[in-house]
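Listed below are the residues making up each chain.
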Amino acid sequence: MALAGRAAVWWARLRSPRPAAAQRRLPARLPADPLACPRPYSSRGEEKLDMSAYPVENIRNFSIIAHVDHGKSTLADRLLEITGTIAKTHRNKQVLDKLQVERERGITVKAQSASLFHSHEGVNYLLNLIDTPGHVDFSYEVSRSLSACQGVILVVDANEGIQAQTVANFYLAFEAQLAIIPVINKIDLKNADPERVEKQIEKLFDIPIDECVRISAKQGTNVEKVLQKVIEKIPPPHCNTSDPLKALVFDSTFDHYRGVIANIALFGGEVQKGHKIVSAHTKKRYEVNEVGILTPNEQPTHKLFQKLAPHGSSGKKIRYAGQVGYLIAGMKEVTEAQIGDTLFWYKQPVEPLPGFKSVKPMVFAGMYPVDQTEYNNLKSALERLTLNDSSVTVHRDSSLALGAGWRLGFLGLLHMEVFNQRLEQEYNMSVILTAPTVPYKAILSSAKLIKEYGKAEVTIINPAQFPDKLSVSEYLEPTVLGTIVTPHEYIGKIIALCQDHRAVQKDMLYIDEHRVMLKYLFPLNEIVVDFYDALKSLSSGYASFDYEDAGYQTADLIKMDILLNGNPVEELATIIHNDKAYATGKFLCERLKDVIPRQLFEIAIQAAIGKKIIARETLKAYRKNVVAKCYGGDITRRMKLLKRQAEGKKLMRKIGNVEVPRDAFIHVLKRQTDK
């Protein structure tokens, strides 16, 4: 009875009306108009936005591009605050940089998009912003972002002026025929010289001085003018009213619960929840579960579209196209969302969009699990991370010393480090990363090898595949065209550094009376490890460096083997230029001597090119003091004991195998941070 009585009281309370005081504490319902309140962070339980209020002429898609640390992310933060997308607080630093590695290093490595709502001269505009990375290793992110835009904001530091990556990013936007708005940032700094930077922009890019906007993104000075310029100078998206749905996948991420989340740009038609769509790449059919925009977090909408003005006298013919947003359609496998893919309506196929130019890896490294039992977990983590970073190429590889693994291709050394850090932070995977190598080529002269490979030119990414010199007419090494921007007082040191790295000078241009732009043709393997660090050290941190692929050139390449007691160790073989062979061989022998444990017999560590030994280190044997018991007497007794010991050591060396421990391999093969 007591239990039944308590249940009745509880039921009565549940049905009774809520007191007025409690009702007043309830949050008010969010208004339907997206401009009536600041943009929320979370999309759960909120009213969906109605995007039909923004016709095509009121939409602008743009990116922010710049050199590293010129203030792209800070400017993005101010734009988000001014448009009411996020609340204005002192904590707003790198809001769009969501990865842990980005916040730790203070750089952007992943392009992030956000939709801003802004009112200008009484008209409401939808501004789709994409914040891009500034480092040369992530230029693929920049080029993909520009495909979804009609204009860019080119940010230049008022103190540093035009840097190497500023030039590279300008030409990316220029070749894509995008509207360019030059913005000079950090005018609040003590040493800022915006007049000098404006002259640099006019001289290098042929942009009139009066088009430059001077701002301080940190303090918010003149940032409103940037929004005004975006609306006035950047054209709205181009739409074809006769096309059905045609959506370009320009980025994607993986969610454990919802599957693949694809970032798309619409070039025709509309898409909404319940639509049946097809992937042009996989030919698979999906049903759309959710569409929306990023503000900067996911905000669901009823549809993704742009509204065009009515056609014809009836005024009823309306088409939709061109929005930028995200789409969830139940893609459970990471291979189903290829970046550059085209999505279209079921039974209404379209001509696929051209997608993106396939990226060419510049640096290769071997990746192996620390424990082979983690192989499948690492494989799954690699698949999901390469979905989000499609510029990484993956090929299976194996090593006698390190086990099963992969040979990964990266766009540069920083790209490799960031990828490794993301594996550790996002997927809790510890891996062994071997020293970086570059892809070489060989022109075969042997008819037998040409028949075996099916072509006369072969690419070599692993020293084990290096063909013998007798069967090759010439070897080729990859080259890059490097651009160095530096203060003029460091020119002498930098020219000497470039010559030490086998570089050939192509051009030298004075940007102004203080800064010089040098262009050099570098062999790629000369810059992948320590060139950038040496450049920064010589120039006190003022010089900047950027490079682009320049094809292959003939080179005097050799394969250097490491021998232990005359037996080659396959994992330690390396491809190197003949001029650098001795120094590298000596370094490897010295390093191996430090890490290989001593044995009961002597170990000869040698670097060899073919039959020729170019460097040697000897690891002395452990030896017992066999003459300890001799206290006086004839010297022949002493010599007899030593001779017997030497013969025993010689026999042991013949039949003994040198087992190189796994830790020693890891120590030698991993990247040399202290080189």
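Treat the numbers as computed from the prediction; the structure is a model and nothing was measured.

The rules behind each value
Residues numbered from 1 in each chain as written. Predicted model: local features only at pLDDT ≥ 70, side-chain atom pairs only at ≥ 80, totals over all residues. Heavy atoms only, no water. Helix = DSSP H or I, 4+ residues; strand = E, 2+ residues; numbered from the N terminus. Buried < 20%, exposed > 50% of the residue type's maximum accessible area, 1.4 Å probe, protein only. Contact = heavy atoms within 4.5 Å. pLDDT = per-residue confidence, 0-100. Salt bridge = Lys/Arg side-chain N within 4 Å of Asp/Glu carboxyl O. Phe/Tyr/Trp six-rings, centres within 6.5 Å; stacked < 30°, edge-to-face > 60°. Lys NZ or Arg CZ within 6 Å of the ring centre and 35° of its normal. Pairing = 2+ DSSP bridges. Axes fitted to C-alpha atoms, helices over the stretch in contact; angles between N-to-C directions. Core = buried A, V, L, I, M, F, W, Y, C linked by side-chain atoms within 4.5 Å. Expected span 1.5 Å × (residues − 1). Polar contact = N/O pair within 3.5 Å; in protein donor to acceptor, adjacent residues only side chain to side chain. Parallel < 35°, antiparallel > 145°, perpendicular 65-115°, else oblique. Left-handed = near helix turned anticlockwise from the far one by under 90°.

**A short note on the overall build of the chain**
From N to C terminus, the chain includes 16 helices and 31 strands. In the chain, buried positions account for 52% of the 675 residues. For the chain, the proportion of contacts with a sequence separation of at least 24, taken over those separated by at least 6, is 70%.

**Section: the confidence of the model for the chain**
When the pLDDT values of the chain are averaged, the result is 78; 82% of them are 70 or greater. Mean pLDDT in the chain bottoms out at helix 2 (residues 20-25), which sits at 39, and peaks at strand 5 (residues 179-185), which reaches 93. Long-range and interchain partners of residues 306-321, a stretch whose pLDDT sits below 50, account for 38 contacts in this model, where long-range means more than four residues apart.

**Topic: the pattern of salt bridges**
All chains considered together, the criterion is met by 17 salt bridges. In this structure, the salt-bridge partner of Lys469 is Asp556, at a minimum N-O distance of 4.0 Å. Of this pair, Lys469 sits in the loop between strand 22 (457-460) and strand 23 (472-487) while Asp556 sits in the loop between strand 26 (544-555) and strand 27 (557-564), placing them 87 residues apart in sequence. Under the relative-accessibility criterion, Lys469 is labelled exposed at 53%. Judged by its relative accessible area of 32%, Asp556 falls in the partly exposed class. A salt bridge links Glu526 to Arg502, with the nearest nitrogen and oxygen atoms 3.1 Å apart. With Glu526 in the loop between strand 25 (515-523) and helix 13 (531-538) and Arg502 in the loop between helix 12 (491-500) and strand 24 (504-510), the pair connects residues that are 24 residues apart, well separated along the chain. Put simply, Glu477, Arg502, Glu526 and Lys580 are held in one network by salt bridges that share partners.

**Comments concerning helix 3 (residues 72-82)**
The buried fraction of helix 3 is high, at nine of 11 residues. The set of residues buried in helix 3 consists of Lys72, Ser73, Leu75, Ala76, Asp77, Arg78, Leu79, Leu80 and Glu81. Looking at the buried residues of helix 3, the elements they touch are strand 1 (59-66), strand 2 (112-120), strand 3 (123-131), strand 4 (151-157) and helix 8 (223-233). Downstream of helix 3 by a residue or two, Gly84 has a phi angle that is positive, lying close to 75 degrees.

**Quick notes on the packing of aromatic side chains**
For the structure on display, the rule yields 11 aromatic pairs. Where Tyr520 meets Phe522, the ring centres are 6.0 Å apart and the plane angle is 45 degrees; that geometry is what we call tilted. Of the residues examined, Phe522 reaches a relative accessible area of 0% and is grouped as buried. Chaining the aromatic ring pairs together yields one cluster made of Tyr520, Phe522, Phe531, Phe545 and Tyr547. Directly above the ring of Tyr346 sits Arg285, whose terminal nitrogen or CZ lies 4.4 Å from the centroid. A cation over an aromatic ring shows up here: Lys441 above the ring of Tyr552, its NZ or CZ 4.5 Å from the ring centre.

**What to know about the pairing of strand 17 (residues 363-369)**
Counting buried residues along strand 17, seven of its seven residues qualify, which places the element largely inside the surrounding structure. Neither face of strand 17 is open: one carries Val363, Ala365, Met367 and Pro369, the other Phe364, Gly366 and Tyr368, and all of them are buried. Bridge analysis of strand 17 against strand 20 (residues 431-433) gives three bridges, and the strand direction is antiparallel. If you follow Met367 over to strand 20, its bridge partner there is Leu433.

**Structural notes on the sheet that holds strand 12 (residues 290-294)**
Here eight strands make up an open sheet; going across it, the order is 11-10-16-7-8-15-12-13 and the pairing antiparallel. Every interior strand has two partners, whereas the edge strands, strand 11 (285-287) and strand 13 (298-300), have only one. Strand-to-strand, the axes of this sheet are offset by a mean angle of 40 degrees, without reference to chain direction. Of the pairings in the sheet, the one linking strand 10 (residues 276-279) to strand 11 comprises three bridges and is antiparallel in character. Counterpart to Lys276 in the pairing with strand 11 is Glu287. Against the sheet, helix 9 (residues 375-388) makes contact with strand 7 (246-255) and strand 8 (259-268), and its axis sits at roughly 140 degrees relative to strand 7, the strand it touches most.

**Considering the nonpolar core**
Counting 36 residues, the largest nonpolar core has Ile484, Phe522 and Phe531 as its most contacted members. Mapped onto this core, the elements with two or more residues apiece are strand 21 (440-444), strand 22, strand 23, helix 12, strand 25, helix 13 and strand 26. If near-sequence neighbours (up to four positions away) are discounted, Phe531 is found in contact with Ile484, Leu497, Cys498, His501, Phe522, Glu526 and Phe545. Grouped together as the second largest cluster of nonpolar side chains are 29 residues, Leu80, Ala179, Ile181 and Ile231 included.

**Section: the sheet that holds strand 3**
Overall, mixed pairing links the six strands, which are arranged 2-3-1-4-5-6 in an open sheet. Two strands lie at the open edges of the sheet, namely strand 2 and strand 6 (213-214), each paired on one side alone. Sheet analysis places strand 5 next to strand 6, joined by two bridges and oriented parallel. Residue pairing in the sheet places Ile184 in a bridge with Arg214 of strand 6. Strand contacts of helix 7 (residues 194-205): strand 4, strand 5 and strand 6, with the helix running at about 155 degrees to strand 5, the strand carrying the most contacts.

**Focus on helix 10 (residues 413-427)**
In an α-helix there are 3.6 residues to a turn, and that puts residues three or four apart on one side. Here helix 10 contains 15 residues, and its C-alpha end-to-end distance of 21 Å stays within 8% of the 21 Å for a straight helix at 1.5 Å per residue. Listed as buried for helix 10 are Leu413, Leu414, His415, Met416, Val418, Phe419, Asn420, Gln421, Arg422 and Leu423.

**Some words on the environment of Lys593**
Take Lys593: it is sitting in helix 14 (residues 581-595). A residue is classified by how much of its surface remains accessible, and Lys593, at 33% relative accessible area, is partly exposed. Distance in space between the C-alpha atoms of Lys593 and Arg616 is 9.8 Å, their sequence separation being 23 residues. Not counting chain neighbours up to four residues away, the residues in contact with Lys593 comprise Ile605, Glu617, Thr618 and Leu619.

**Considering the environment of Lys283**
Mapped onto the secondary structure, Lys283 falls in the loop between strand 10 and strand 11. Put simply, Lys283 and Leu343 are 60 residues apart on the chain and 9.5 Å apart in space, counted from C-alpha to C-alpha.

**Focus: the side chain of Asn61**
For Asn61, the position within the fold is in strand 1. Of the polar contacts made by the side chain of Asn61, one reaches the side chain of Asn128; its length is 2.7 Å.

**Notes on the packing of helix 5 (residues 139-146) against helix 6 (residues 164-175)**
For the pair helix 5 and helix 6, the least separation of the axes is 10 Å and the interaxial angle reads 30 degrees. The angle between helix 5 and helix 6 falls in the class roughly parallel. When you trace helix 5 past helix 6, the crossing you get is right-handed. Between helix 5, through Ser139, Val142 and Leu146, and helix 6, the contact on the second element is made entirely by Gln165, Asn169, Leu172 and Ala173.

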